[in-house]
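# Chains, contacts and geometry: an overview
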Amino acid sequence: MRKQFLFIFLALIVANTSQAQGKTTRIGYIDMEYILENVSDYKEAKSQLEQKAQKWKQEVEAKKLNINTLKESLKTEKALLTKELIEERETEIKFQEQEMMDYQQKQFGADGNLMRQKAALAKPIQDQVFTAVQDIAEAKNYDFIFDKSSDLTMLFSNKRFDISDQVLRVLNRTEKREQLTKKQLKEQEAKENLENAIDENPAMAERQKALDERKAAREKLIQDRKLEQEAKKKEYDDRRNALAAEREAKKNGTVSETAKTTAPATEAAKTSTTTAKPAATGTEQTPTAEPTMTKAEERQLLYEQRKKELEEKRKKILEEREAAKKAKEAESQKTNTTNN
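About the thresholds
Residues numbered from 1 in each chain as written. Predicted model: local features only at pLDDT ≥ 70, side-chain atom pairs only at ≥ 80, totals over all residues. Heavy atoms only, no water. Helix = DSSP H or I, 4+ residues; strand = E, 2+ residues; numbered from the N terminus. Buried < 20%, exposed > 50% of the residue type's maximum accessible area, 1.4 Å probe, protein only. Areas by Shrake-Rupley, 256 points an atom, 1.4 Å probe, with all protein chains shown as cover. Expected span 1.5 Å × (residues − 1). Bend = angle between axes of the 7 residues up to and from the residue. Salt bridge = Lys/Arg side-chain N within 4 Å of Asp/Glu carboxyl O. Contact = heavy atoms within 4.5 Å. Core = buried A, V, L, I, M, F, W, Y, C linked by side-chain atoms within 4.5 Å. Phe/Tyr/Trp six-rings, centres within 6.5 Å; stacked < 30°, edge-to-face > 60°. Patch = residues over 30% accessible without salt bridge, like charges linked within 9 Å, V, L, I, M, F, W, Y side chains within 5 Å. Lys, Arg positive; Asp, Glu negative; His and termini not counted. Charge placed at Lys NZ, Arg CZ, Asp CG, Glu CD. Axes fitted to C-alpha atoms, helices over the stretch in contact; angles between N-to-C directions. Parallel < 35°, antiparallel > 145°, perpendicular 65-115°, else oblique. Left-handed = near helix turned anticlockwise from the far one by under 90°. Nonpolar A, V, L, I, M, F, W, Y, C, P; charged D, E, K, R; others polar. pLDDT = per-residue confidence, 0-100.

Now for the overall build of the protein. Scanning the protein from terminus to terminus reveals nine helices and two strands. Beginning at the N terminus, the succession of helices and strands in the protein can be written as α-β-α-α-α-α-β-α-α-α-α. Split into buried and exposed, the 340 residues of the protein put 17% on the buried side. Just so you have it, the protein exposes about 26900 Å², and 53% of that area is on carbon and sulfur atoms.

Attention now moves to helix α5 (residues 113-140). Along an α-helix, residues three or four apart share an orientation, since each turn contains 3.6 residues. End to end, α5 covers 40 Å across 28 residues, agreeing with the expected 40 Å (1.5 Å per residue, within 8%). Along its length, α5 reaches its greatest deviation from straightness, about 35°, at lysine 123, and the proline proline 124 lies no more than four positions downstream. For α5, the full list of buried residues reads Asn113, Leu114, Leu121, Ala122, Ile125, Val129, Ala132, Val133, Ile136 and Ala137. Looking one or two residues beyond α5, the residue adopting positive phi is asparagine 141, at roughly 60°.

When the charged atoms of two side chains with opposite charge come close together, those side chains can pair. In total, this model carries twelve salt bridges according to the counting rule given. Across the salt bridge formed by lysine 220 and aspartate 224, the nearest N and O atoms sit 3.3 Å from each other. Of this pair, lysine 220 and aspartate 224 are both found in helix α8 (residues 202-262), four residues apart, which corresponds to roughly one turn of the helix. With relative accessibility at 53%, the residue lysine 220 sits in the exposed group. Classification of aspartate 224 as partly exposed rests on a relative accessible area of 37%. Among the salt bridges present, the one from arginine 314 reaches glutamate 311, with a minimum N-O distance of 3.6 Å. With a gap of three residues between them, arginine 314 and glutamate 311 both fall in helix α9 (residues 295-339), about one helical turn apart.

As for its placement among the helices and strands, glutamine 107 is situated in helix α4 (residues 83-108). Residue classification places glutamine 107 among the buried residues on the basis of a relative accessible area of 4%. Here glutamine 107 is in contact with Trp56, Gly112, Asn113 and Leu114, once residues within four sequence places are set aside.

Ranked by size, the top nonpolar core spans 20 residues in total, and within it Ile30, Ile35, Val39, Tyr42, Val129 and Val167 carry the most contacts. Broken down by secondary-structure element, the contributors of at least two residues to this core are α2 (32-37), α5 and α6 (164-176). It is α5 that contributes the most residues to this core, eight residues altogether. Other than its neighbours up to four places away in sequence, isoleucine 35 contacts Ile30, Val129, Ser164, Val167, Leu168 and Leu171. In this structure, Leu49, Trp56, Ile67 and Ile93 belong to the second largest nonpolar core, which totals twelve residues.

Right, let's get into the packing of aromatic side chains. Scanning the entire structure with this criterion turns up two aromatic pairs. An angle of 80° between the planes, with centres 6.2 Å apart, marks the rings of tryptophan 56 and phenylalanine 108 as edge-to-face. Here phenylalanine 108 lies in helix α4 and tryptophan 56 lies in helix α3 (residues 40-77), a separation of 52 residues in the sequence. The exposure class of tryptophan 56 is buried, given its relative accessible area of 11%. A centroid spacing of 6.4 Å and a plane angle of 5° characterise the contact between phenylalanine 144 and phenylalanine 146, whose relative ring orientation is stacked.

Attention shifts here to a negative patch on the surface. Among the surface-exposed residues, Glu88, Glu92, Glu99 and Asp102 lie close enough to one another that they form a single negatively charged patch. Mapped onto the elements, aspartate 102 comes out in helix α4. Judged by its relative accessible area of 43%, aspartate 102 falls in the partly exposed class.

Another aspect to go through is the packing of α3 against α5. Packed helix pairs are specified by the crossing angle of their axes together with the interaxial distance, meaning the distance between the axes. Where α3 meets α5, the axes come as close as 11 Å, and the angle between the chain directions of the two elements is 175°. The orientation of α3 with respect to α5, classified from their angle, is roughly antiparallel. Residue-level inspection shows Tyr42, Ala45, Lys46, Leu49, Lys52, Ala53 and Trp56 of α3 in contact with α5, the latter providing Asn113, Leu114, Gln117, Lys118, Leu121, Ala122 and Ile125.

For the rest of this paragraph, the subject is α3. For α3, spanning 38 residues, the distance from its first C-alpha to its last is 56 Å, which sits close to the expected 56 Å at 1.5 Å a residue. Regarding α3, the residues found buried are Tyr42, Leu49, Ala53, Trp56, Val60, Ile67 and Leu74. Tucked into the core, α3 has its buried residues touching α2, α4 and α5.

This part takes up the packing of α3 against α4. Their axes nearest at 10 Å, the elements α3 and α4 cross at an angle of 165°. Considering their axes alone, α3 and α4 lie roughly antiparallel with respect to each other. When you trace α3 past α4, the crossing you get is left-handed. A class-by-class count of the residues in the contact of α3 with α4 yields eleven nonpolar, five polar and ten charged.

Moving on, we come to unusual backbone geometry. Comment: phi is negative for the bulk of residues other than glycine, and the bulk of peptide bonds are trans. Backbone geometry at asparagine 141 places phi at a positive 60°, although glycine is not the residue there. With respect to the element layout, asparagine 141 can be found in the loop between α5 and β2 (144-147).

Turning our eyes to something else, we now look at the confidence of the model for the protein. Per-residue confidence for the protein gives a mean pLDDT of 76; residues scoring 70 or more make up 69%. Averaged over each element, pLDDT in the protein is lowest for helix α1 (residues 2-21) (54) and highest for α4 (92). Predicted confidence is poor over residues 255-290, with pLDDT under 50, and the contacts of this stretch with residues over four places away or in other chains come to 27 contacts.

This is how it looks when you write it as structure tokens:
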């Protein structure tokens, strides 16, 4: 009830101020919990604090287990114990229960170690947030800025009035300011101004979203084309390496064949695809078979044979033309001599 009254009271103040000044009142709000969860230093320290709290919980559970053990032991042995011993054990159990409750209150109570350390952990960040909120309020003429996560109950909050992301950008900029050059700092400020304008204008946010989607699609298209070009280049390189390997293999095979034809104790092979016959030296030699050629080698061989045939045919045609030319010249000389 008190929170609702406070909220209504503030709303009335805002309305009266707006009427008195005759201008539009600018109102914003922040979500302190959201800001704290997105500050890296706070998250790291909070994680360490949670580890401590887990250790405290384990200690409390150990104390409870010890108390339950004592109770079970007393229940089992109660018939065999004297009244004094029973009272002594019950006193011990009550003492340990009180000790466990005190320890639990010390660690997890409203003013316990966990709450105090959480407050101490959040205070430096909260001070920075308050400073950032004041800077934003002065720069953008805000009249009121509330904290959504505080005791003030907000019955409704429009997202476009949320300046939590702007506060986070101010905090991050302050943290990185010493590490940035002047040029980088200017670029960062321009980027932040654009992001702030997008936060305050839903229509601009939609346009920016469409631009980002088109940019992502364009980058994906460029990446796909780049991958396709790399695949084609790899295929070309593989084909070129294969042809180079075939030429090298053919060259080595030709040299080996030449060595065989010049050897005094053997005969030259008739063709590159036939089996070599033993040399007629009076002693029988074991015939050796030429290695089987691959399809690429066969195609290369056929190509060279065809080339050789065309070369011979061309040479023969040239010789025939030369002979016909000489015959024609001789006939012409003979005709001139007869006429004279």
